[in-house]
Amino acid sequence: MRRLHYKFIVIFCASYSAVAHIVLTFPPARPMAFDFLVNMWTVGPCGVEYNESNAILTNLTSGSDVTVTWHTAYPHLGGIKLQILDTDGSIVTELTEDEFVSKNDTTNQSYDITIPDDVECDHCYIRVLRQASEWEGDKDDGFLFWSCADVSIISVEDECFDGKCLNGGTCDGGECTCLDKYEGDRCEYKNDCSTEEDCSSNGECVTLETDSYPKKQCFCYEGWMGKLCDKESSITEAELKDTSDYFKLQLYEDPEFTIFWKLLDNDEVEIAFRCKSDTWCAIGWRPLDVSAECKKIDNKFENKENSSEGEAPSNKKRRKRSRHSDTRNRREVVEKRDSKINVIKDLCEAGNVSQAAEWATWSFNYGSVESGKDPPNDGTPEPESEPEPEPEPESESEPEPEPTPEESENNEDNVVEPEPEPQDDVALHPMDCTDVIFATAIGNKHRVVDSYTRDRSTPKCDSWYGGSHDLTGASAKREDGILHVRFTRKLSTNDQADHDLTNNDMHLIWARGQTPYMFFHKPFSGLESCKAQDYDFYKLNELKYHGTKPSQRGKRVFNVFDDTKSAGSAEFPPDCTDECDYKLDWKYIKKDDSVKFTIEAKVEEGGWAAVGFSEDTKMANSDAIVGWVEPSSGELTLTDRWLNEESVDGVALDNGPSDLEKIEGSFVDGRIKFSFVRARDTEDKNDLPLTECVYLLYAWGGGMEDGDITKHKHTRVSDEKICIGSGAKRVEVPIPLFILCVFLFITGTQIFQ
């Protein structure tokens, strides 16, 4: 008999609820059970170290059959592997015979194992490894998520052995009788409620159609809030009907995601958001100056950030379609999707693997009648079609290295490559150390959760991190497909799971959930690849992965003290969120009547980008700021220009005094970014005053020749005048009907040759 001898630790069992990319739910995962622990960025073998002070040690018996369960928020391609390891991290037993199993069911969240008769230990642990084969990785087994559960394996004859029934359950004849709210053969799973009384009689105990616990959760009536609806809310109406006194920021236009806020007299802020969704929506924020130190919470990590994305090789071969696909057919397909039919499920279950992949690609890249792009078929399985080898997705947008808001680029070999351990000054991932408000509703009953995420892990309620639910008011409701959410909180807080809201720019993230009938992954998950059993994997009101489509998640910068009518942005393509071809942000600074402009554009090394101001969209009598970074020195050159006519002589440097201040700039990975501040009225005859509304001109992509700029590659112009400092608003950069004849903006000497 093999025995692993270690110091005996007192057994402590607790319900450990979490939503995750993967985390064990039985035996319960080792605290802290972060769900985004991967072999590329965290120290093996578990991603978290064992801590005796908060250990959860579960008794298992030699020779017994055990159903190991876990929760995953994302159906990654690949399988799972289960092992028993000793406390030194050495593998004692391969519970899945050294194989990754369940590769054809990426939605599987349980596996039956048998503890070998000859294995006993005072303390060892069970580890689950989960492949994410869509990202290859550089380890032997590729890109893996991992989660560990600390266990004692004992040899007993008594069916009611010590620790058989968990969480206060009692054993009789080997059967467990559980306390209220607990379920499972060993009372291992916990719900939030079982009756309305558990919701303080101020809400309803709702049984969700979910595959994870808590399956029963409290949804509060208006006027109440909190996990158990036991806190009185200062907000009793979820819908913000009069927005005239609120600042506004539209995060996405269609489907809508808009936030509103205003400062209150009692050092509080009220925030509301309106989100088109049949399931959950969330926003989060953190100060811009937070360092990587924020990720070190009660445990040590070897944090490694990823800067590369794995992308499946494109397969350009596509199924042929009839030439007479028309708008009517497109509309029928879109309406079928929008009518909450799971098209991927229908196609996969009929064996039409290639059609499912084509549909998923079309839905991700276009997905609307207005796009003018024909869908691959009408969504109905074709009986005469033989199942084809699964194609890889044809991608027209960058995939992401992991399921959260990302900004990385693909590398040529499609390999996820780790970077050196980040230092304190390395930029954080958008989700790192973020204060998050998660909300969902069933009619007028709501759940609004004050939560936090340490890293790319799924947000958990503040109490999980030792904080508290300290919203002073919260309410939400769902009506006509729109989730309305309102909440209030103090601007300053001593809660370690909250960030103060100060008069500074804050990093803002937003997301909405996916549903059983509309989900988006790039690269494809097991759902689009027809490697699943549960095609209704995404459940309504269950916090799982939001998807990679730009309409599903994004990031911005905001300041709750700012009047958003005095700030704005423009980007191309419209509604792009990350790595736009061109993006301009402007912010009015009231105290000195100036404007800060920030430009970021995709250009070649030495290429330039510009912003211009015009009274009539034309080049003549326009003002422009052009910047580029010298390849040899890495220094930014920023030039102020006045365009007096549409000719070579009209492209000239501004010979007046320098009116640009606080200049910063860089060129990194094919992107130029620079910012500057100028007065609205410089009193320079070669500058156009911004005290009047002007058209904004955008240009980027030109190079350098003979010491000056050459012709631009791309130009755009705002479709209306923008009033900076007096009702300015966010605009999308339209594709103009005139690129050469109306807006020959910032040209080089060879344009007219």
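Residues numbered from 1 in each chain as written. Predicted model: local features only at pLDDT ≥ 70, side-chain atom pairs only at ≥ 80, totals over all residues. Heavy atoms only, no water.

**A closer look at the sheet that holds strand β4 (residues 65-71)**
Okay, step 1: Strand order in the open sheet formed by three strands is β2-β4-β7, with antiparallel pairing between adjacent strands. Edge positions in the sheet fall to β2 (23-26) and β7 (110-114), since each has one partner strand and no second. Along the sheet, successive strands turn relative to each other by an average axial angle of 35°, direction set aside. (Pairing = 2+ DSSP bridges. Helix = DSSP H or I, 4+ residues; strand = E, 2+ residues; numbered from the N terminus. Axes fitted to C-alpha atoms, helices over the stretch in contact; angles between N-to-C directions.)

**Re the nonpolar core**
Okay, step 1: Formed by 72 residues in total, the largest nonpolar core has its most connected members in Leu-60, Leu-82, Ile-84, Ile-113, Phe-143, Ile-153 and Ile-344.
Okay, step 2: Of all the secondary structure elements, the ones that give two or more residues to this core are β2, β4, β5 (80-85), β8 (119-131), β9 (144-154), α2 (343-349) and α3 (353-365).
Okay, step 3: Once residues lying within four places of it in the same chain are set aside, the contact partners of Ile-344 are Ala-356, Trp-359, Ala-360, Phe-519, Leu-527, Glu-528 and Tyr-535. (Core = buried A, V, L, I, M, F, W, Y, C linked by side-chain atoms within 4.5 Å. Buried < 20%, exposed > 50% of the residue type's maximum accessible area, 1.4 Å probe, protein only. Contact = heavy atoms within 4.5 Å.)

**Structural notes on the pattern of salt bridges**
Side-chain pairs of opposite charge can arise where the charged atoms are in close proximity.
Okay, step 1: Scanning the model with the defined rule gives 28 salt bridges in all.
Okay, step 2: Residue Glu-237 pairs with Lys-477 through a salt bridge whose shortest N-O separation is 3.7 Å. Of this pair, Glu-237 sits in the loop between β17 (231-232) and β18 (247-252) while Lys-477 sits in strand β27 (residues 473-479); the two residues are 240 residues apart in sequence, bridging distant segments of the chain.
Okay, step 3: Here Glu-237 falls in the partly exposed class, since its relative accessible area comes to 28%.
Okay, step 4: Here Lys-477 ties to Glu-239 by a salt bridge, and the two come within 3.3 Å at their closest N and O atoms. Here Lys-477 is found in strand β27, whereas its partner Glu-239 is found in the loop between β17 and β18, with 238 residues between them in sequence.
Okay, step 5: Bridged by salt links that share partners, the residues Asp-211, Asp-534, Lys-539, Glu-542 and Lys-544 form one connected network. (Salt bridge = Lys/Arg side-chain N within 4 Å of Asp/Glu carboxyl O.)

**Overview of the confidence of the model for the protein chain**
Okay, step 1: Summing up the model confidence of the protein chain, the mean pLDDT is 81 and the portion of residues at 70 or higher is 78%.
Okay, step 2: Scored below 50 in pLDDT, residues 1-20 makes 66 contacts in the model with residues more than four places away or belonging to other chains.
Okay, step 3: In the model, residues 381-425 has pLDDT below 50 throughout and makes 149 contacts with residues more than four positions away in sequence or in other chains. (pLDDT = per-residue confidence, 0-100.)

**Considering the sheet that holds strand β33 (residues 594-602)**
Okay, step 1: Pairing within the open sheet is antiparallel, and its five strands lie in the order β31-β32-β33-β39-β38. Pairing within the sheet leaves two strands with one partner each, and these edge strands are β31 (567-572) and β38 (661-668). In this sheet, neighbouring strand axes are inclined to one another by 10° on average, regardless of whether the strands run parallel or antiparallel.
Okay, step 2: Of the strand pairs in this sheet, β33 and strand β39 (residues 671-679) are connected by nine bridges, and their pairing is antiparallel. Looking at the pairing, Ala-601 lines up with Ile-672 of β39.

**Quick word on a positive patch on the surface**
Okay, step 1: Residues Lys-591, Lys-596, Lys-662 and Lys-673 make up a contiguous surface patch of positive charge.
Okay, step 2: Structurally, the position occupied by Lys-596 is in strand β33.
Okay, step 3: Relative accessible area serves as the criterion here: at 38%, Lys-596 is assigned to the partly exposed category. (Patch = residues over 30% accessible without salt bridge, like charges linked within 9 Å, V, L, I, M, F, W, Y side chains within 5 Å. Areas by Shrake-Rupley, 256 points an atom, 1.4 Å probe, with all protein chains shown as cover. Lys, Arg positive; Asp, Glu negative; His and termini not counted. Charge placed at Lys NZ, Arg CZ, Asp CG, Glu CD.)

**Description of the pairing of strand β3 (residues 58-61)**
Okay, step 1: The side-chain alternation of β3 yields two buried faces, one formed by Thr-58 and Leu-60 and the other by Asn-59 and Thr-61.
Okay, step 2: Taken together, the four bridges between β3 and β9 define a ladder with parallel strand orientation. Looking across to β9, one finds that Asn-59 is bridged to Ser-152.

**Observations regarding unusual backbone geometry**
Okay, step 1: Following Asp-254, the chain continues into Pro-255 via a peptide bond in cis, with omega recorded as 5°.
Okay, step 2: Position of Pro-255 among the secondary structure elements: in the loop between β18 and β19 (257-263).
Okay, step 3: One non-glycine residue, Asn-167, lies in positive phi territory at about 55°.
Okay, step 4: You can see Asn-167 is positioned in the loop between β9 and β10 (170-172).
Okay, step 5: Positive phi, normally seen in glycine, also occurs at Lys-181, with a value near 85°.
Okay, step 6: Mapped onto the elements of the fold, Lys-181 is located in the loop between β11 (175-177) and β12 (182-183).

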